Amino acid sequence: MKLEATSLVKTYGKTRALDGLSLVVRDSRVLVFIGPSGGGKSTLLRVLGGLETADQGNVVVNGETLTADPAGLQAYRRKNGFLFQQFNLFPHLTALRNIALPLEKVHGHSPADARGMAEQALDRFGLIDHGHKLPAQLSGGQQQRVGIARAVARKPEVLFLDEPTSALDPEMTAEVLELIQELAEDGQDIILSTHEMGFAKAVADQVAFVAAGRIEESAAPAGLFGDPQSPVCQRFLSKVMRY
Amino acid sequence: MKRHLLANTLVALALVALVGWLSTTVFAMLGTQTDWTKAWEYRETLWRGWLVTLGISIAAFCGSIVFGLLFMLGQRSPLVVVRWTCRAFLEFVRDTPLLVHLLFGYFVIFAPLISRPLGEQGWDDKLLIGILLLSVFEGAYLGEILRGGVDSIPRTQWESARAVGFSKLQIYRYVIFPQALRRVLPAMAGLFVSLIKDSSLLNVIGVAEYFYNTKNFISRSYAGLEGYVPLALGYLVLTLPVAWLSHWLEKRFRHET
Ligand SMILES: Nc1ncnc2c1ncn2[C@@H]1O[C@H](COP(=O)(O)OP(=O)(O)OP(=O)(O)O)[C@@H](O)[C@H]1O
Ligand SMILES: [Mg+2]
């Protein structure tokens, strides 16, 4: 994917969540955001994913400039996939229905087709036996995997994942990370934020360090983790890598 | 357990004794005058009144859903003016008695405005205006119930719904309402029970519903118990199933989530 963000500003009251953030990505499959809590990773993902509009600045993804117009943004969201930290699924629908409903109502597939596609997506991630269950009857890891299955069932151009594992215990984290890696290997374009440095190193083509609403540094994982340039990034990495 | 068993028995005996004493005294006083054949003679008027009450309840229930939705959406409107007007109107409706709405709404506002044309079309203007006013009144409460239900759905649900590409209407229809409805159904059924009871107030504008017809029967035939007992039973027959439905729904949805 290609991505160009220029001087993005997003404020919430007095907080400047994005403070003149710029980022250029020429050709990358998996782009990973790391950085301190409150640095602006989620906000950046939400702006890039078309869930929120920046107060200033502009974004071009794969040649398409994001507009502020709601209908345009909705069309943009429809061709991408998004997964949040937690509580993604609709609790009143079964896992299968969670995947099939958007396919039916948003993408215009017939109910039978939507169901077939949803079953396929569940099957792909080893979840077919859980299709009839409500989210509350699934483990946290299974819920996130169904969430990912829902996001990729309609073959998104870009898959946005915001800290997909931060609400999970280590075992479930591993099962979700494995799934994301598989998707990346199958050629899915992904932009994600994470606190799992080992995973970032393994899966990313490019890593961007986000702090105080700006990109402090952006490079291939080997460079950024091996030889960080900015002092903020050095301090952050030495702190999180200590344990 | 044993001690409770004893206490329960004693309380039950005391209650039975009290009710028994009360009814024997009352019946002893009325005994000679109570004549159930009177009620039988008037069965047709009573039956017609009961059907009208049933019809009013169903129509006003549908009407109150329409108004409730409008009031709920009005309060969530992006336009400040709409939100404030809505709030003020709801506050006014909920802080004044239904009796006042009916008298004021019928005699001051609607009767002079549309009674004549309605009558010329062959409609029963009192009935229609009564249903409308009742719908607005109950709709004001329902709007509040629905707003509470919609507000109780976490923000992440709106976000996820937007993220999968649903339009605003689809978000309400497929994600928010189904969840909100589960939470407010018991309260809605409770409101329906009030609505059925409140429909008796329509007698003040002369709608020939169950209470109105029974009242006429009582005053015309000097009936006592034989008028009031069917009156109470007639309303119970309508409200009890709804109350049961409410409890059943509550139980069912509790297991589901
Ligand atoms: N909806 C909001 N309302 C008010 N402030 C917000 C909102 N969303 C984010 N912020 C603020 O913007 C800043 C950036 O938040 P953001 O969630 O983007 O950080 P983050 O890097 O994702 O942090 P974390 O790693 O903890 O998820 C924070 O100071 C946060 O408090
Ligand atoms: Mg975040």
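All figures in this text were calculated on a predicted structure; none of them were measured in a lab.

Reading the values: the criteria
- The residue numbers shown here count from 1 along each chain, following its written sequence.
- Written order decides the labels, with chains lettered from A and ligands numbered from 1.
- This being a predicted model, a pLDDT of at least 70 is required before a residue's local features are given, and a value of 80 or more before pairs of side-chain atoms are given or counted; all residues contribute to the totals for chains, interfaces and linings.
- Excluded from the side-chain calculation are hydrogens and water; included are all heavy atoms of the structure.
- Put simply, DSSP marks the helices as runs of H or I at least four residues long and the strands as runs of E at least two long, and each gets a number from the N terminus on.
- We compute the radius of gyration from the C-alpha atoms alone; for a globule the expected value is 2.2 Å times N to the 0.38, where N is the number of residues.
- For every residue, the accessible area obtained with a 1.4 Å probe (protein chains only) is divided by the maximum for its type, and the residue is called buried under 20%, exposed over 50%, and partly exposed between those limits.
- A contact between two residues is defined here by any heavy atoms of the two lying within 4.5 Å.
- Every accessible area reported is derived by Shrake-Rupley at a probe size of 1.4 Å, with residue values counting cover from the shown protein chains alone.
- Residues counted as positive are Lys and Arg, residues counted as negative are Asp and Glu, and His and the chain ends are not counted.
- Here the site of a charge means NZ on Lys, CZ on Arg, CG on Asp, or CD on Glu.
- Whether a residue is near a molecule or strand depends on its heavy atoms: if one lies within 4 Å, it is near.
- Polar contacts here mean pairs of N or O atoms no more than 3.5 Å apart (in protein, one a potential hydrogen donor and the other a potential acceptor; neighbouring residues in sequence count only if both atoms are side-chain atoms).
- Ten residues, namely Ala, Val, Leu, Ile, Met, Phe, Trp, Tyr, Cys and Pro, are considered nonpolar, four, namely Asp, Glu, Lys and Arg, are considered charged, and the remaining ones, Gly among them, are considered polar.
- Here, a salt bridge means any side-chain nitrogen of Lys or Arg that lies within 4 Å of a carboxyl oxygen of Asp or Glu.
- A domain assignment, automatic or from a database, supplies the domain bounds used here.
- A simple way to read buried area is as the amount of 1.4 Å-probe accessible surface that goes missing from two parts once joined, with both sides added.
- Multiplying one less than the number of residues by 1.5 Å gives the expected span of a helix.
- Working definition for bend: take the seven residues up to and ending at a residue and the seven starting at it, fit an axis to each, and measure the angle between the axes.

To continue, consider the overall build of chain A. Tallying secondary structure elements over chain A gives nine helices and 10 strands in all. For 243 residues, the compact-globule estimate of 2.2 N^0.38 gives 18 Å, and the C-alpha radius of gyration of chain A, at 18 Å, lies within 12% of that figure. Each of the three principal axes of chain A carries a C-alpha extent, and together these read 55 × 45 × 35 Å. Within the span of chain A, comprising 243 residues, buried residues form 53% of the whole. Contacts spanning at least 24 positions in sequence make up 66% of the contacts within chain A whose residues lie at least 6 apart. As displayed, chain A offers around 10,600 Å² of accessible surface, 48% of which is attributable to carbon and sulfur atoms. If you average the places of the 25 positive and of the 28 negative side-chain charges in chain A, the two averages end up 6 Å apart.

Here we take up the site of ligand 1. All names here are of chain A. Contacts to ligand 1 come from 13 residues, most closely from Ser37, Gly38, Lys41, Ser42 and Thr43. Note that an oxygen atom of ligand 1 is positioned 2.7 Å from one of the backbone N or O atoms of Gly38. One of the backbone nitrogen or oxygen atoms of Gly40 is found 2.9 Å away from an oxygen atom of ligand 1. Secondary-structure elements contributing two or more residues to the shell around ligand 1 are β2 (15–25) and α1 (41–48). The element contributing the most residues to the shell around ligand 1 is α1, with three residues. When the residues that make up the shell around ligand 1 are grouped by side-chain class, the tally is three nonpolar, eight polar and two charged.

Here the focus is the pattern of salt bridges. For the structure on display, the rule yields 18 salt bridges over all chains. The partner of B:Arg87 in a salt bridge is B:Glu91, with the nearest N and O atoms 3.8 Å apart. You can see B:Arg87 and its partner B:Glu91 sitting in helix α4 (residues 80–94), four residues apart, about one turn around the helix. Owing to a relative accessible area of 30%, B:Arg87 belongs among the partly exposed residues under this scheme. Here the residues in one salt-bridge network are A:Arg46, A:Glu52, B:Glu159 and B:Arg162, joined through shared partners.

As a further point, take the domain arrangement of chain A. Accessible area lost on assembly of the parts is the figure often given for the size of an interface. Residue and element names in this part refer to chain A. Examined at the domain level, chain A breaks down into domain 1 (1–80 + 158–243) and domain 2 (88–155). For domain 1 versus domain 2, the distance between C-alpha centres works out to 25 Å. At the junction of the two partners, domain 1 supplies 15 residues and domain 2 supplies 14 residues. Overall, the association of domain 1 and domain 2 removes approximately 1,200 Å² of surface from exposure, summing both partners, and the carbon and sulfur fraction of that is 65%. Contact with domain 2 buries surface across domain 1, with Arg78, Glu175 and Leu179 losing the most and accounting together for 38% of the total. Here domain 1 is connected to domain 2 by two salt bridges. In this structure, Arg145 and Glu175 form a salt bridge, with 2.8 Å as the shortest nitrogen-oxygen distance. For the interface between domain 1 and domain 2, the tally reads five residue pairs in polar contact (both at pLDDT 80 or more). Breaking the side of domain 1 that touches domain 2 down by element, the ones donating at least two residues are α2 (70–78), β7 (158–162) and α6 (170–185).

Turning our attention to the environment of B:Lys197. Residues and elements named next belong to chain B. Looking at the secondary structure, you find Lys197 in helix α8 (residues 168–198). Given the relative accessible area of 47%, Lys197 is considered partly exposed. Residues Lys197 and Leu236, 39 residues apart in the sequence, show an inter-C-alpha distance of 9.4 Å.

This part takes up helix α5 (residues 98–120) of chain B. All names here are of chain B. Helix length check: α5 (23 residues) gives 28 Å between terminal C-alpha atoms against 33 Å at 1.5 Å per residue, more than 12% under. Approximately 70 degrees is the largest bend angle found in α5, and it occurs at Phe110, with the proline Pro112 only one to four residues beyond. Within the span of α5, buried status applies to Leu98, His101, Leu102, Gly105, Tyr106, Ala111, Ser115 and Leu118. The secondary structure elements touched by the buried residues of α5 are α4, α6 (125–151) and α8. Count one or two residues on from α5 and you reach Gly122, which has phi positive near 85 degrees.

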